[in-house]
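Survey of secondary and tertiary structure
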Amino acid sequence: MIFSLLFVDDDPEICSVAKTFLEKTGPFKVTTSESVKKSQRLLKKHHYDAIISDFDMPVTDGLTFLRSLRSKGNKIPFVILTGKGNDQVIIDALNSGADLYFVKTDSPKDLFYQLSEKLIPLIRSKQAEIIFHEIFTQSPIAIELFNAEGKLLQVNKACLDLFGVVHPKEIAMFDLFQDPNVPEDALKQLKTGERVEYSSRFDFDLVQQHALYKTTKTGQIYIHVQITPISLSYPDITGGYLVQIQDLTEQKKSEMALKSSEERYRSIFSNNHSVMLIISPDTGAILDANPAACSYYGYTHEELTHMDITRINCLSRDEIFQEMER
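Overview of the structure. The structure presented is a predicted model; accordingly, all values stated were derived computationally and were not measured.

1. As for the packing of helix α2 (residues 36-45) against helix α3 (residues 62-71)
The N-to-C vectors of α2 and α3 enclose an angle of 30°; their axes lie 11 Å apart at closest approach. The orientation of α2 relative to α3 falls into the category roughly parallel. As α2 packs across α3, the resulting crossing turns out to be right-handed. Across from Val36, Ser39, Gln40 and Leu43 in α2, the residues of α3 making contact are Phe65, Ser68 and Leu69. Split into classes, the residues belonging to the contact of α2 with α3 amount to four nonpolar, three polar and no charged.

2. What to know about the sheet that holds strand β3 (residues 50-54)
Taken in spatial order, the five strands line up as β2-β1-β3-β4-β5 in an open sheet, and their pairing is parallel. The two strands at the open ends of the sheet, each matched to only one other strand, are β2 (28-33) and β5 (100-103). Each strand of the sheet is rotated relative to its neighbour by a mean of 20°, with strand direction disregarded. Here strand β1 (residues 3-8) pairs with β2 via six bridges, running parallel. Looking across to β2, one finds that Phe7 is bridged to Thr32. Here α2 sits on the sheet in contact with β1, β2 and β3, set at roughly 130° to β2.

3. Here's the deal with the pairing of strand β6 (residues 142-147)
Taken across its six residues, β6 has six buried, putting it largely inside the fold. On β6, burial covers both faces: Ala142, Glu144 and Phe146 on one face and Ile143, Leu145 and Asn147 on the other are all buried. One ladder, built from six bridges, connects β6 with strand β10 (residues 240-247); its direction is antiparallel. The residue bridging Ala142 from the neighbouring strand is Ile245, located in β10. Connecting β6 to the next strand, strand β7 (residues 152-155), in antiparallel fashion are four residues, including Gly150 with a positive phi near 90°.

4. Structural notes on the nonpolar core
Core analysis: the biggest nonpolar cluster contains 30 residues, and Phe163, Ile171, Leu190, Phe202, Tyr213, Ile227 and Ile245 have the highest contact counts within it. The set of elements that each furnish at least two residues to this core consists of β6, β7, α6 (157-163), α7 (184-191), β8 (196-203), α8 (204-209), β9 (220-230) and β10.

5. Regarding helix α5 (residues 108-138)
The first and last C-alpha atoms of α5 sit 43 Å apart over 31 residues, in line with the 45 Å expected at 1.5 Å per residue. Of all bends in α5, the biggest is about 30°, found at Leu119, and the proline Pro121 comes one to four residues later. Burial in α5 covers these residues: Leu111, Phe112, Leu115, Ser116, Leu119, Ile120, Leu122, Ile123, Lys126 and Phe136.

6. Let's talk about a nonpolar patch on the surface
There is a patch of nonpolar side chains on the surface, built from Leu94, Tyr101 and Val103 and spanning about 240 Å² of accessible area. Look at Tyr101 and you get partly exposed, because its relative accessible area is 38%.

7. Regarding the pairing of β3
The element β3 is extensively covered by neighbouring structure, given that five of its five residues are classed as buried. Burial along β3 is two-sided: the face carrying Ala50, Ile52 and Asp54 and the face carrying Ile51 and Ser53 are both buried. By the bridge criterion, four bridges tie β1 to β3 in an arrangement that is parallel. The partner of Val8 across the bridge, within β3, is Ser53. Pairing geometry for β3 and strand β4 (residues 78-82), over four bridges, is parallel. When the bridges of β4 are listed, Ile52 appears paired with Val79. Since β3 and β4 lie parallel, the crossover through α3 that links them has a hand, and here it is right-handed.

Rules used throughout
- Residues numbered from 1 in each chain as written.
- Predicted model: local features only at pLDDT ≥ 70, side-chain atom pairs only at ≥ 80, totals over all residues.
- Heavy atoms only, no water.
- Axes fitted to C-alpha atoms, helices over the stretch in contact; angles between N-to-C directions.
- Helix = DSSP H or I, 4+ residues; strand = E, 2+ residues; numbered from the N terminus.
- Parallel < 35°, antiparallel > 145°, perpendicular 65-115°, else oblique.
- Left-handed = near helix turned anticlockwise from the far one by under 90°.
- Contact = heavy atoms within 4.5 Å.
- Nonpolar A, V, L, I, M, F, W, Y, C, P; charged D, E, K, R; others polar.
- Pairing = 2+ DSSP bridges.
- Buried < 20%, exposed > 50% of the residue type's maximum accessible area, 1.4 Å probe, protein only.
- Core = buried A, V, L, I, M, F, W, Y, C linked by side-chain atoms within 4.5 Å.
- Expected span 1.5 Å × (residues − 1).
- Bend = angle between axes of the 7 residues up to and from the residue.
- Patch = residues over 30% accessible without salt bridge, like charges linked within 9 Å, V, L, I, M, F, W, Y side chains within 5 Å.
- Areas by Shrake-Rupley, 256 points an atom, 1.4 Å probe, with all protein chains shown as cover.
- Salt bridge = Lys/Arg side-chain N within 4 Å of Asp/Glu carboxyl O.
- Right-handed = clockwise from strand over helix to strand, strands pointing away.

So, in structure tokens, the structure goes:
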């Protein structure tokens, strides 16, 4: 994978060395710019995976450039290059949202070698962070993040909507292990570090009875829940929990309506005293027969459903299919 870099420095020679060295030593395609103004124009037309900018430049310095990007919500990885002795610049850069800083050395090659080593993990980490944030905020699935003690840290909008919560502060530090809607056996599994998955009814009346949080909803919904212990340090130590919840209410209602419809059909079909057959429109095969049909034709259900309609009809085969077509 090739990463696209924007290198900003008012010294054309430094730009040339940076482009040559970075493209030679790493999977980079480097675009150079001698000013912040030109860089801003480039950013409006092209995507870059990271920006490397000198601090000390005329008209607009690198720190002002950084602050301008961050004020507009731009999260692109940003590396500041400073001269020796600019400790305050480094502090200000980090406080302003810089991801890395490097002090210029007497050997540009040494500087760009170090830079090349650090850039790839920085870009990948930043991209993963942004992708996770987009998944978290935009997902239609309700997502909750809990700490190791089971205290709620963060929820997405889909979760607030699902549980009828107006503002995240109303469920601040909600306790996963005190939720009466989570099955007890699931809680026991979680405490041993196991992943849990279950489907169940969620009762908003329980939420109100236990004063767990304010909700605009009442009654019950059907949900499917996955709770995954997350390791943030050692593999066998749980550092938090990722909870994903899908609303199955409409699906459950459809299933129940379908089941009810099937039961009504079966009752009408099976208990009807009229002879009733279900026949394939393509082949004439008997797919189903009610007890009245079995009695009338003198065959068992199994025998009838291994025949086609031509076996038990007085009309000719052509006449039968003409009637079926009609």
